[in-house]
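Chain by chain, the residues run as shown.
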Amino acid sequence: SFNYNQAITGDPNNPGTTGNAFASFLLGIPSSASLARLKGDAGLRWWEMGFFAQDTWKITHKLTFNYGIRYEADTPDVEVYNRMSNFDTGSGLLVLPNTSGTSPGLSSRSLVKGNYFGIQNFEPRLGLAYQLTPKTVLRAGFANHSALGMGKCFGFMALNSPFGGGTSYFNTATPQDIVRTLDQGFPTTQPFNPLSNTGPLVWAADPNGPHGYEGQWSAGIQRELASNLSVEVNYVGNSAPHLMGLYQPNTAALGNGPFPQRTPYYAVDPNAPTVLSWIWRERAHYDSLQATVTKRFSSGLSFGGAFTWSHDLGTEEGAQGAVPNIMANEQIDARLRLAMNWLWEIPIGRGKKYGQDMNKFVDAVAGGWRFGGIVAFQSGSPFTVNGYAGNPDRICNGQTPSGGHTITEWFNTSCFVAPPTLVDPVYGGSYFTYGNSGYNILTGDGIRQNDISLTKFFVVGEGRKLEFRFEAFNVSNNTQFQNPVSNVQAGNGGEVTAANPSREIQLALKYTF
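Model, not experiment: these values are computed from the prediction. (Residues numbered from 1 in each chain as written. Predicted model: local features only at pLDDT ≥ 70, side-chain atom pairs only at ≥ 80, totals over all residues. Heavy atoms only, no water.)

## Notes on the overall build of the chain
Part 1: The number of helices and strands found in the chain is two helices and 28 strands.
Part 2: Every one of the 513 residues in the chain was classed for burial, and the buried ones make up 38%.
Part 3: Sequence-distant contacts, at least 24 apart, represent 69% of the contacts inside the chain between residues at least 6 apart.
Part 4: Total accessible area on the chain stands at roughly 27000 Å², and carbon and sulfur atoms take up 58% of it.
Part 5: When the 35 basic and 37 acidic side-chain charges of the chain are each reduced to a single mean position, those positions are 12 Å apart. (Helix = DSSP H or I, 4+ residues; strand = E, 2+ residues; numbered from the N terminus. Buried < 20%, exposed > 50% of the residue type's maximum accessible area, 1.4 Å probe, protein only. Contact = heavy atoms within 4.5 Å. Areas by Shrake-Rupley, 256 points an atom, 1.4 Å probe, with all protein chains shown as cover. Lys, Arg positive; Asp, Glu negative; His and termini not counted. Charge placed at Lys NZ, Arg CZ, Asp CG, Glu CD.)

Put into structure tokens, the structure is as follows:
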């Protein structure tokens with residue numbers, strides 16, 4: 001892979017605001033390049049075991065208690081011939097199975113160690129239902145789930161040296177140090193790197209990661225309004241600590257010097273590899289109020305509606321590399337959502353309310369139609385404003401420009417400015433620091449979707465029928481913009497450049513025999 005940035009063609013005295021990545025490409029001077037060889041499949045082995053017990057206790061004729069417990073045990077991966085290695089963040093070296101490192105977990109065959117047979121593996125389930133009135137029921141529940149697979153590295157550590165090969169190089173803008181150009185290709189490499197030569201990419205796993213789990217709970221009320229009509233209101237939540245995620249412990253420090261010299265492990269590994277480490281420090285939390293109304297199909301009609309008011313939080317691994325993760329809005333966070341659906345059997349045709357005596361040839365065309373649809377409204381999804389060293393400085397809210405949202409300026413880019421610069425005492429020049437702007441702080445356009453369908457069945461013989469469907473998606477042709485360009489340094493920062501599909505119409509025939 002070849003990577004290009006604006007620094008190679010930029011002014012050393014004005015980093016981040018001059019230069020052009022495409023110009024660097026035209027000159028054939030990548031900022032970095034890497035070549036990796038893969039050795040093939042690994043012979044991974046592990047155990048998965050599970051046991052459970054459950055019971056229902058009818059305490060009274062109105063009160064029911066469900067309870068149970070599950071036990072999950074999931075061992076870490078091992079390779080049948082020990083063909084894998086883990087990156088020791090304490091020393092910056094690769095460690096083979098059954099050797100030693102700076103952490104106790106690195107001394108095992110799996111290169112990771114955790115409590116996989118402890119009390120955290122017990123997963124209780126509790127449920128309670130109480131009939132308040134003949135047509136009203138209260139319900140509550142709780143469950144704890146073990147995060148299966150959290151002791152695994154999914155075979156990635158089998159790609160490390162000495163069981164893989166490759167090379168990489170870096171070109172530096174300030175001070176200028178052009179190691180290789182695109183036309184020179186890669187230097188000669190050996191098929192497999194020795195353990196001391198990590199290559200361009202290293203996979204790692206936290207050797208002593210805690211056991212991941214997720215707790216889920218809910219409480220609500222359900223009310224029957226009629227024989228086929230009910231409403232339900234629930235609070236639903238979950239929380240998950242110690243989830244698995246990736247971070248990069250060898251992220252280069254800010255500065256103007258050559259990239260390899262700015263990486264934390266340069267002293268022991270001048271190759272400055274990209275280290276992708278699975279670490280068990282991610283978190284997630286969700287709270288919601290959910291209301292639904294449901295009418296089961298009767299008298300030729302069914303419909304349903306669902307409203308959700310929620311907040312979805314999760315951790316973000318910041319540009320600062322090894323800096324601890326930050327709780328922020330998830331990219332899938334949708335605060336408000338309303339969805340409705342219906343299916344109506346149009347009462348026209350033989351045997352229907354209207355046209356009971358209709359001629360069978362007319363009925364074949366005009367009778368037996370069904371009309372259905374879905375309508376959905378949803379608030380916009382969050383996005384992160386970026387630029388400069390990662391995040392800019394935020395000096396005002398920025399969600400809505402003074403003239404309102406437009407496709408040329410969805411958010412107020414003037415609220416996000418360059419962070420302070422520091423002087424590089426070793427290599428000279430100045431560089432941007434990390435800004436104070438957070439993650440997923442602004443929201444884009446929402447969803448306003450309406451789909452309809454028209455369906456008819458034609459009986460063409462015993463056990464044979466033909467189904468015709470007319471479907472229109474986004475039938476009112478609402479424009480639904482995708483999130484804008486979020487890089488405030490880009491010439492079109494804040495501009496909306498894409499939208500969800502416009503109206504789509506399709507016809508279908510299905511023959512069943």
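## Things to note about the nonpolar core
Part 1: Ranked by internal contacts, the top residues of the largest apolar core, which has 13 residues, are Met 84, Leu 111, Met 157, Ala 205, Trp 278 and Trp 280.
Part 2: Listing elements by their share of this core, those giving two or more residues are strand 12 (201–205) and strand 15 (274–298).
Part 3: Counting residues per element, this core draws most heavily on strand 15, which supplies three residues.
Part 4: Counting seven residues, the second-largest nonpolar core is a separate cluster that includes Phe 383, Cys 415, Leu 442 and Val 488. (Core = buried A, V, L, I, M, F, W, Y, C linked by side-chain atoms within 4.5 Å.)

## As for a nonpolar patch on the surface
Part 1: Judged by side-chain polarity, Tyr 130, Leu 132, Leu 138, Ile 221, Val 233, Leu 289, Phe 307, Trp 309, Leu 336, Leu 338, Met 340 and Phe 377 come together as a nonpolar surface patch covering roughly 1000 Å² of accessible area.
Part 2: Counting only elements with at least two residues in the nonpolar patch, the list comes to strand 9 (122–133), strand 16 (301–316) and strand 18 (336–345).
Part 3: It is strand 18 that contributes the most residues to the nonpolar patch, three residues altogether.
Part 4: A residue is classified by how much of its surface remains accessible, and Leu 336, at 41% relative accessible area, is partly exposed. (Patch = residues over 30% accessible without salt bridge, like charges linked within 9 Å, V, L, I, M, F, W, Y side chains within 5 Å. Salt bridge = Lys/Arg side-chain N within 4 Å of Asp/Glu carboxyl O.)

## A look at the packing of aromatic side chains
By convention here, two paired aromatic rings are described through the distance between centres and the angle between planes.
Part 1: Under the criterion given, the structure shown has 18 aromatic pairs.
Part 2: Both rings, one in Trp 410 and one in Phe 481, keep their centres 6.3 Å apart while their planes meet at 65°; by these two values the pair is edge-to-face. Linking Trp 410 in the loop between strand 21 (393–394) and strand 22 (416–417) with Phe 481 in the loop between strand 27 (464–473) and strand 28 (504–512), this pair joins segments that are 71 residues apart in sequence.
Part 3: Its relative accessible area of 25% is what places Phe 481 among the partly exposed residues.
Part 4: Joined through ring pairs, the aromatic side chains of Phe 2, Tyr 169 and Phe 186 make up one cluster. (Phe/Tyr/Trp six-rings, centres within 6.5 Å; stacked < 30°, edge-to-face > 60°.)

## Here we look at the state of the cysteines
Part 1: On inspection of all chains with the given rule, the structure shows one disulfide.
Part 2: A sulfur-sulfur separation of 1.8 Å characterises the disulfide bridge that pairs Cys 396 with Cys 415. Sign of the S-S torsion, about -100° for the bond between Cys 396 and Cys 415, identifies this disulfide as left-handed. Of the two residues, Cys 396 sits in the loop between strand 21 and strand 22 while Cys 415 sits in the loop between strand 21 and strand 22, which places them 19 residues apart along the sequence.
Part 3: With a relative accessible area of 34%, Cys 396 lands in the partly exposed category. (Disulfide = S-S within 2.5 Å.)

## Points about the pattern of salt bridges
Part 1: The full count for this structure, using the stated rule, is nine salt bridges.
Part 2: Among the salt bridges present, the one from Glu 72 reaches Arg 70, with a minimum N-O distance of 2.4 Å.
Part 3: In this structure, Asp 445 engages Arg 448 in a salt bridge whose closest nitrogen and oxygen atoms are separated by 3.2 Å.
Part 4: The buried category is assigned to Asp 445, whose relative accessible area is 14%.
Part 5: Residues participating in the shared-partner salt-bridge network are Glu 345, Lys 352 and Arg 370.

## Here we look at the pairing of strand 16
Part 1: Sheet topology places strand 15 next to strand 16; 13 bridges connect them, and they run antiparallel. Bridge pairing in strand 16 places Ser 288 opposite Ser 310.
Part 2: Between strand 15 and strand 16, which pair antiparallel one after the other, the connecting turn spans two residues, and Ser 299 there sits at a positive phi close to 55°.
Part 3: Pairing geometry for strand 16 and strand 18, over nine bridges, is antiparallel. Opposite Trp 309, over in strand 18, you have Leu 336 as the bridge partner.
Part 4: Judged from the four bridges that link them, strand 16 and strand 17 (residues 326–329) form a sheet pairing that is antiparallel. (Pairing = 2+ DSSP bridges.)

## Topic: the side chain of Thr 433
Part 1: Secondary-structure assignment places Thr 433 in the loop between strand 24 (430–432) and strand 25 (442–443).
Part 2: Under the relative-accessibility criterion, Thr 433 is labelled buried at 17%.
Part 3: In this structure the side chain of Thr 433 is engaged in a polar contact, spanning 3.0 Å, whose partner is the backbone oxygen of Pro 420.
Part 4: In this view, Thr 433 contacts Leu 254, Ala 389, Pro 419, Pro 420 and Leu 422; residues no more than four positions away in its chain are not counted. (Polar contact = N/O pair within 3.5 Å; in protein donor to acceptor, adjacent residues only side chain to side chain.)

## Re the environment of Val 231
Part 1: Here Val 231 lies in strand 14 (residues 229–247).
Part 2: Residue class for Val 231 comes out partly exposed when judged on its relative accessible area of 26%.
Part 3: C-alpha of Val 231 to C-alpha of Ile 395: the two residues are 164 residues apart in sequence and 46 Å apart in space.
Part 4: Residues contacting Val 231, with those up to four places away along its chain left out, are Ile 221, Gln 222, Arg 223, Leu 225, Thr 292 and Val 293.

## A word on unusual backbone geometry
Among all residues save glycine, negative phi is the norm, and among peptide bonds the norm is trans.
Part 1: Geometrically, the link from Ser 161 to Pro 162 is a cis peptide bond, its omega value of 5° lying close to zero.
Part 2: Within the element layout of this structure, Pro 162 appears in the loop between strand 10 (136–146) and strand 11 (165–170).
Part 3: Look at Tyr 388: it is not a glycine, yet its phi comes out positive at around 60°.
Part 4: Secondary-structure assignment places Tyr 388 in the loop between strand 20 (382–383) and strand 21.
Part 5: For Tyr 388, a relative accessible area of 24% translates into the label partly exposed.
Part 6: If you check the backbone angles, Asn 474 has positive phi at about 50° while not being a glycine.

From the geometry alone we can't say anything about function, so treat these as descriptive.
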